[in-house]
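Structure assessment
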Amino acid sequence: GAGVSQSPSNKVTEKGKDVELRCDPISGHTALYWYRQSLGQGLEFLIYFQGNSAPDKSGLPSDRFSAERTGGSVSTLTIQRTQQEDSAVYLCASSEGQLSGNTIYFGEGSWLTVV
Amino acid sequence: AQSVAQPEDQVNVAEGNPLTVKCTYSVSGNPYLFWYVQYPNRGLQFLLKYITGDNLVKGSYGFEAEFNKSQTSFHLKKPSALVSDSALYFCAVRLDTGRRALTFGSGTRLQVQP
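Here's a quick rundown of the structure. Being a predicted model, the structure only gives us computed values, none of them experimental. (Residues numbered from 1 in each chain as written. Chains lettered and ligands numbered in written order. Predicted model: local features only at pLDDT ≥ 70, side-chain atom pairs only at ≥ 80, totals over all residues. Heavy atoms only, no water.)

What follows is about the overall build of chain A. Per the secondary structure count, chain A includes 0 helices and 10 strands. Against the compact-globule benchmark of 13 Å for 115 residues, chain A has a radius of gyration of 13 Å, which places it among compact chains. Taken over the C-alpha atoms alone, chain A extends approximately 40 × 25 × 25 Å along its principal axes. By residue count, 50% of the 115 residues in chain A fall in the buried class. In chain A, once contacts between residues fewer than 6 apart in sequence are set aside, the share between residues at least 24 apart is 55%. For chain A, the accessible surface area stands at approximately 5500 Å², while carbon and sulfur atoms represent 44% of it. Taken together, the 9 basic and 12 acidic charged side chains of chain A have centroids lying 5 Å from each other. (Helix = DSSP H or I, 4+ residues; strand = E, 2+ residues; numbered from the N terminus. Rg over C-alpha atoms; globule rule 2.2 N^0.38 Å. Buried < 20%, exposed > 50% of the residue type's maximum accessible area, 1.4 Å probe, protein only. Contact = heavy atoms within 4.5 Å. Areas by Shrake-Rupley, 256 points an atom, 1.4 Å probe, with all protein chains shown as cover. Lys, Arg positive; Asp, Glu negative; His and termini not counted. Charge placed at Lys NZ, Arg CZ, Asp CG, Glu CD.)

Per the stated rule, a full pass over the model turns up 2 disulfides over all chains. Covalent S-S linkage joins C23 of chain A and C92 of chain A, the inter-sulfur distance amounting to 1.9 Å. Residues C23 of chain A and C92 of chain A are joined through a disulfide that is left-handed, its torsion about the S-S bond being -70°. Residue C23 of chain A is located in strand β3 (residues 19-24), and its partner C92 of chain A is located in strand β8 (residues 88-95); the two are separated by 69 residues in the primary sequence. Owing to a relative accessible area of 0%, C92 of chain A belongs among the buried residues under this scheme. Disulfide partner of C23 of chain B: C91 of chain B, at an S-S distance of 2.0 Å. Judged by the sign of its S-S torsion, about -65°, the cystine formed by C23 of chain B and C91 of chain B is left-handed. Note that C23 of chain B is positioned in the loop between β3 (19-21) and β4 (24-26) and C91 of chain B in strand β10 (residues 87-95), a separation of 68 residues in sequence. In this structure C23 of chain B comes out as buried when scored by relative accessible area, which is 0%. Classification of C91 of chain B as buried rests on a relative accessible area of 0%. (Disulfide = S-S within 2.5 Å.)

In this assembly, 23 residues from chain B lie in contact with 21 residues from chain A. Of the roughly 1800 Å² buried at the junction of chain B and chain A (both faces included), carbon and sulfur atoms supply 52%. Where chain B packs against chain A, one counts 1 salt bridge. For R42 of chain B, the salt bridge goes to E108 of chain A, with nearest N and O atoms at 2.5 Å. At the boundary of chain B with chain A, the tally comes to 8 residue pairs in polar contact (both at pLDDT 80 or more). Where the side of chain B that touches chain A is concerned, the elements lending two or more residues are β5 (31-38), β6 (44-50) and β10 of chain B. Tallied by class, the residues present in the side of chain B that touches chain A amount to 12 nonpolar, 5 polar and 6 charged. (Buried area = accessible area lost by both parts, 1.4 Å probe. Salt bridge = Lys/Arg side-chain N within 4 Å of Asp/Glu carboxyl O. Polar contact = N/O pair within 3.5 Å; in protein donor to acceptor, adjacent residues only side chain to side chain. Nonpolar A, V, L, I, M, F, W, Y, C, P; charged D, E, K, R; others polar.)

A word on the sheet that holds strand β6 (residues 65-69) of chain A. All names here are of chain A. On the basis of which strands lie adjacent, the open sheet formed by 4 strands has the order β1-β3-β7-β6 and antiparallel pairing. The two strands at the open ends of the sheet, each matched to only one other strand, are β1 (5-7) and β6. Going across the sheet, the axis of each strand differs from the next one's by a mean of 15°, ignoring polarity. Where β1 and β3 come together, 3 bridges link them in antiparallel fashion. By the bridge assignment, Q6 is partnered in β3 with C23. (Pairing = 2+ DSSP bridges. Axes fitted to C-alpha atoms, helices over the stretch in contact; angles between N-to-C directions.)

With that settled, consider the nonpolar core. Judged by nonpolar contacts, the single largest core of 26 residues is most densely connected at W35, L47, L48, F74, L76 and Y89 of chain B. In terms of residue count, β10 of chain B provides more of this core than any other element does, 4 residues in total. For L76 of chain B, the contacting residues outside a window of four places in its chain are L19, T20, V21, W35, L47, L48, F63, E64, A65 and Y89 of chain B. Membership of the second largest hydrophobic core comes to 21 residues, among which are V89 and L91 of chain A together with F34 and A101 of chain B. (Core = buried A, V, L, I, M, F, W, Y, C linked by side-chain atoms within 4.5 Å.)

Residue and element names in this part refer to chain A. Side chains S110, L112 and V114 of strand β10 (residues 110-114) all project onto a buried face; the interleaved residues W111 and T113 project onto a face where none is buried. The sheet contact formed by strand β2 (residues 10-13) and β10 spans 4 bridges and is parallel. Paired with N10 across the two strands is W111, which belongs to β10.

Here is the structure:
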């Protein structure tokens with residue numbers, strides 16, 4: 001596809017369950033980002049992948065959150081033992097490389113509701 | 001550390017009037033500045049960016065922004081607002097070194113009245 005693709009677009013899960021959110025970046029983009037947008041709040045950086053380099057995990061809020069990127073393309077964000085405060089929109093983005101001037105393009109987001 | 005401030009939670013403007021959405025930044029180094037727009041229940045769409053060169057940057061949908069280094073500002077402007085411009089606008093900054101992720105402002109909701 002032409003843009004960043006995320007799935008599922010909506011997910012309702014019970015508290016304590018694990019969830020996986022998937023991101024397929026724009027073809028050829030080596031940099032991939034995950035952000036979280038909570039209701040009424042701004043955008044919170046979670047994690048950044050660039051090529052084969054070690055990811056920047058400095059934004060992950062707790063050890064219940066993890067992410068991987070296989071083959072330098074698709075990424076999965078995993079939230080273990082979900083809590084109600086995890087309810088948010090999870091946005092994935094990608095860019096051509098790590099140059100600071102590169103534009104970062106966002107997907108439509110995965111809306112997570114923990115009940 | 002880097003930060004972005006959007007001092008107005010909401011901006012109201014009448015259709016056809018000029019609009020300004022304010023953004024100021026704080027960085028140690030050379031900033032790269034971005035504006036994104038978010039329509040209801042959608043992801044973020046890129047509008048424009050400043051990297052270097054001309055301080056006036058033109059972007060999508062008739063928007064422009066002016067980089068002012070002395071005032072550390074990057075305000076978003078449009079000469080004539082449309083009702084369809086009503087959305088949530090985010091300013092973001094990234095440095096040329098160090099952390100590669102964008103740091104976003106808190107967002108400004110633009111409401112254009114017919």
